[in-house]
Amino acid sequence: MSRFVRLGETDRPPVTLYVDGAPVAALEGDTLMVALLSGGGTLRQSEFGPEKRAGFCLMGACQDCWVWTESGDRLRACSTLAASGQRVVTSQPGASWPNHV
Amino acid sequence: MAEPRIIIVGAGPSGTRAAEACVAAGLRPIVIDEGRRDGGQIYRRQPDNFTRPYRKLYGTEAGRAQALHETFDGLKGAIDYRPETLVWNIAKGHVWTASATVQEAIPFDALLLCTGATDRLMPVKGWQFAGAYSLGGAQVALKSQAVSIGHRVVFMGSGPLLYLVASQYVEAGAEVAAVLDTSPFGARLKALPDLLAMPSVLWNGVALTRTLKRAGVMVQHGVTPVEIMGDAESGVGGVRFFAGSGREETIACDAVAMGHHLRPETQLADLARCAFAFDPGTRQWLPERDDDGRSSVAGVYLAGDGAKILGARSAEASGRLAALGDLGLPVDKGEMTSLRSEVGQYARFARGLAKAFPWPARQAPALPDDAILCRCEGVTAGDLRAVMRETGAQEANRAKAFSRVGMGRCQGRYCGLAAAELIAAEAGVPVEQVGRLRGQAPVKPLPIAIGDGQ
Ligand SMILES: Cc1cc2nc3c(=O)[nH]c(=O)nc-3n(C[C@H](O)[C@H](O)[C@H](O)COP(=O)(O)OP(=O)(O)OC[C@H]3O[C@@H](n4cnc5c(N)ncnc54)[C@H](O)[C@@H]3O)c2cc1C
Ligand code: FES
């Protein structure tokens with residue numbers, strides 16, 4: 001089920017992005033966070049506990065909303081705009097975990 | 001003499017007014033902001049292709065929002081504006097910036113820090129679950145993306161933003177399950193003399209409560225949060241709390257917006273080596289400054305909510321003051337005096353707010369051992385207590401080094417103040433004796449391509 005609920009501004013052109021390989025429908029001007037949480041409940045798995053995470057501050061301060069490009073670049077989902085054809089993954093590609101870089 | 005190199009960090013109300021004063025004096029400041037657009041927090045701008053009018057986005061502050069945006073738009077040709085650029089360090093007379101691809105060290109003669117605020121959080125057991133958001137975050141969702149953080153939202157915490165954001169949600173058509181305020185209603189009556197410093201703002205606050213009442217939203221005062229219920233997979237399922245009467249209650253919801261007013265973003269002031277002093281009214285350490293925004297370091301100025309939480313209108317006045325003080329140009333003494341007295345009024349109002357919506361310091365030591373204190377790395381209240389027992393650490397930075405509380409990705413922005421209260425209570429010392437977490441570079445994680453090269 002979706003986490004976020006759209007309350008307006010729905011008259012925008014649709015864009016399709018790919019999250020973990022699956023298509024996700026979003027609207028032009030959505031942040032990645034809104035794109036992902038309008039279609040699903042969470043963004044990623046916490047590395048320090050059993051729970052899934054869905055961001056916290058929406059203003060670039062908590063870093064709870066990280067997702068990655070397929071080539072491994074980190075993106076802050078709350079401050080990155082979703083783009084058509086964009087491909088993101090919700091766990092970090094590769095092994096090492098830069099905890100607090 | 002060559003033109004002084006002026007850098008303004010922040011393009012919110014305070015940074016915008018500071019830039020305006022510089023430009024009027026014939027200077028061309030560099031204005032750096034991490035955001036995609038100017039406006040800062042309260043006057044945050046929606047993406048270009050959104051169409052909601054000012055009135056809908058900013059309510060009673062629509063006129064001020066529009067005036068500020070128009071001022072900034074008008075300045076664009078006259079300033080060196082660098083959006084989507086993070087200032088991540090200040091050292092050796094340089095501001096260190098990073099954008100997606102470029103890293104730079106820029107020298108300055110005068111530095112104006114207009115960095116604004118983030119939510120002040122008191123952890124509640126279960127706040128790590130998906131669907132728990134900061135109050136400010138809940139507002140950003142609505143303001144800049146036209147979404148609600150959930151299908152049924154509980155607002156829990158205290159402060160003016162609690163009522164403001166809840167009523168903005170109601171007006172936008174979201175379902176608000178309840179507003180649970182930790183401060184007792186009586187506190188507001190005691191604060192009234194100070195709150196009357198700004199009658200119109202006080203009146204706006206009263207109107208918000210009426211909006212909530214009319215919409216039939218349950219509003220409770222004097223509550224003590226117990227737990228955000230939920231599970232690891234699906235996230236938030238409800239809240240459990242003690243009502244003012246002492247009775248335990250639960251409310252089902254799939255989202256919680258939580259916060260206790262705000263805390264200033266002071267990391268850059270710290271890196272610039274500004275002196276800090278403890279503010280007993282808000283139980284926070286704040287960078288010292290004089291009436292015109294001069295910090296303890298020559299050439300470094302502090303304005304807006306990044307120095308002390310005095311609100312948006314004060315941010316405009318203090319931004320202008322900080323720019324005017326030392327430009328070495330003829331200034332209107334009368335204007336300076338009236339700006340100072342304006343800021344003084346806001347300071348009195350802010351004292352009233354601190355009394356009306358007190359920070360619930362005692363909730364921190366009351367956290368059960370299994371409650372998560374640091375959301376970043378899942379460190380519990382019990383982990384911090386164990387570290388204190390084993391190492392005797394009673395100072396914030398020592399306790400941080402041993403427990404990792406405050407060492408996660410948010411750098412203690414969301415757990416630091418509560419951790420200090422917990423340490424103080426366990427050690428039986430006043431919270432100011434625990435000290436404060438130091439701001440460290442980089443103040444936020446750098447874009448990955450640059451961070452890997454560090
Ligand atoms: C989420 C939120 C919502 C708020 N809503 C309201 C409201 O509705 N009504 C109200 O009266 N008050 C509100 N406030 C209070 C708010 O702090 C002030 O009203 C006002 O925005 C303060 O203006 P300012 O210029 O001091 O800071 P801000 O408006 O916060 O602007 C600071 C700017 O500095 C930038 N910045 C900070 N650090 C860096 C860095 N290291 N590098 C680059 N850029 C940086 C930020 O991106 C930001 O744009 C809110 C605060 C928050 C946090
Ligand atoms: S949600 Fe906090 S940084 Fe994105």
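The structure presented is a predicted model; accordingly, all values stated were derived computationally and were not measured. (Residues numbered from 1 in each chain as written. Chains lettered and ligands numbered in written order. Predicted model: local features only at pLDDT ≥ 70, side-chain atom pairs only at ≥ 80, totals over all residues. Heavy atoms only, no water.)

## Some thoughts on the interface of chain B and chain A
Inference 1: Taken together, the contact between chain B and chain A spans 58 residues of the former and 48 residues of the latter.
Inference 2: Of the roughly 4300 Å² buried where chain B meets chain A, counting both sides, 54% is carbon and sulfur surface.
Inference 3: Put simply, chain B and chain A have five salt bridges between them.
Inference 4: Across the pair Lys52(A) and Glu233(B) runs a salt bridge, and its minimum N-O distance is 2.5 Å.
Inference 5: Run the count over chain B and chain A and you get 23 residue pairs in polar contact (both at pLDDT 80 or more).
Inference 6: Among the elements that take part in the side of chain B that touches chain A, helix α4 (residues 135-145) of chain B stands out by supplying six residues, more than any other.
Inference 7: Classifying every residue of the side of chain B that touches chain A gives 25 nonpolar, 20 polar and 13 charged.
Inference 8: Strand direction decides the pairing type here: strand β1 (residues 5-6) of chain A and strand β10 (residues 147-148) of chain B, joined by two bridges, are antiparallel. When the bridges of β10(B) are listed, Val5(A) appears paired with Ser148(B). (Contact = heavy atoms within 4.5 Å. Buried area = accessible area lost by both parts, 1.4 Å probe. Salt bridge = Lys/Arg side-chain N within 4 Å of Asp/Glu carboxyl O. Polar contact = N/O pair within 3.5 Å; in protein donor to acceptor, adjacent residues only side chain to side chain. Helix = DSSP H or I, 4+ residues; strand = E, 2+ residues; numbered from the N terminus. Nonpolar A, V, L, I, M, F, W, Y, C, P; charged D, E, K, R; others polar. Pairing = 2+ DSSP bridges.)

## Description of the site of ligand 1
Inference 1: Near ligand 1 lie 31 residues; those nearest to it are Ser14(B), Asp33(B), Gln41(B), Gln139(B) and Asp305(B).
Inference 2: The residues that come close to ligand 1 belong to more than one chain, namely chains A and B.
Inference 3: Pro13(B) places a polar main-chain atom, nitrogen or oxygen, 3.2 Å from an oxygen atom of ligand 1.
Inference 4: Between ligand 1 and Gln139(B) there is a distance of 2.9 Å, counted from a nitrogen atom to a side-chain nitrogen or oxygen.
Inference 5: For ligand 1, whose free accessible area comes to 970 Å², the fraction covered by protein is 89%.
Inference 6: Elements represented by at least two residues in the shell around ligand 1 include exactly α1 (13-24), β4 (86-91), α4, α5 (160-172) and α9 (312-325) of chain B.
Inference 7: Split by residue class, the shell around ligand 1 holds 14 nonpolar, 13 polar and four charged. (Near = heavy atom within 4 Å. Areas by Shrake-Rupley, 256 points an atom, 1.4 Å probe, with all protein chains shown as cover.)

## Here's the deal with the sheet that holds strand β13 (residues 218-220) of chain B
Residue and element names in this part refer to chain B.
Inference 1: Ordered in space as β9-β17-β11-β12-β13, the five strands form an open sheet in which the pairing is parallel. The open sheet has two edge strands, β9 (132-134) and β13, and neither has a second partner. If you compare each strand with its neighbour and ignore which way they point, the axes differ by 20° on average.
Inference 2: One ladder, built from three bridges, connects strand β12 (residues 176-181) with β13; its direction is parallel. What sits directly across from Leu180, in β13, is Gln220. (Axes fitted to C-alpha atoms, helices over the stretch in contact; angles between N-to-C directions.)

## Focus on the domain arrangement of chain B
Residues and elements named next belong to chain B.
Inference 1: Per the domain assignment, the segments making up chain B are domain 1 (6-118 + 263-331), domain 2 (121-260) and domain 3 (364-434).
Inference 2: Domain 1 and domain 3 are separated by 31 Å when their C-alpha centres are compared.
Inference 3: Each partner contributes to the interface: domain 1 provides eight residues, whereas domain 3 provides six residues.
Inference 4: Buried surface at the junction of domain 1 and domain 3, summed over both partners, amounts to about 700 Å²; 55% is from carbon and sulfur atoms.
Inference 5: Summed over the three residues of domain 1 that lose the most area to domain 3, namely Arg263, Phe278 and Arg283, the buried surface amounts to 53% of that side. (Domains from an automatic or database assignment.)

## Some remarks on the confidence of the model for chain B
Inference 1: Taken over all residues, the pLDDT of chain B has a mean of 94, while the share at 70 or more is 98%.
Inference 2: Reported confidence for the predicted complex is 0.95 by ipTM and 0.96 by pTM. (pLDDT = per-residue confidence, 0-100.)

## Here we look at the UniProt feature "domain: FAD/NAD(P)-binding" (unreviewed entry) in chain B
Inference 1: The sites that UniProt annotates as "domain: FAD/NAD(P)-binding" (unreviewed entry) are residues 5-310 of chain B.
Inference 2: Between the C-alpha atoms that bound residues 5-310 of chain B there is a distance of 28 Å. The span itself is 28% helix and 31% strand. (UniProt positions renumbered as here; feature names shortened; annotations may be inferred.)

## Quick notes on the pairing of strand β14 (residues 224-231) of chain B
Inference 1: As defined by bridge partners, β14(B) adjoins strand β15 (residues 235-242) of chain B across seven bridges and the pair is classed as antiparallel. Opposite Gly230(B), over in β15(B), you have Val236(B) as the bridge partner.

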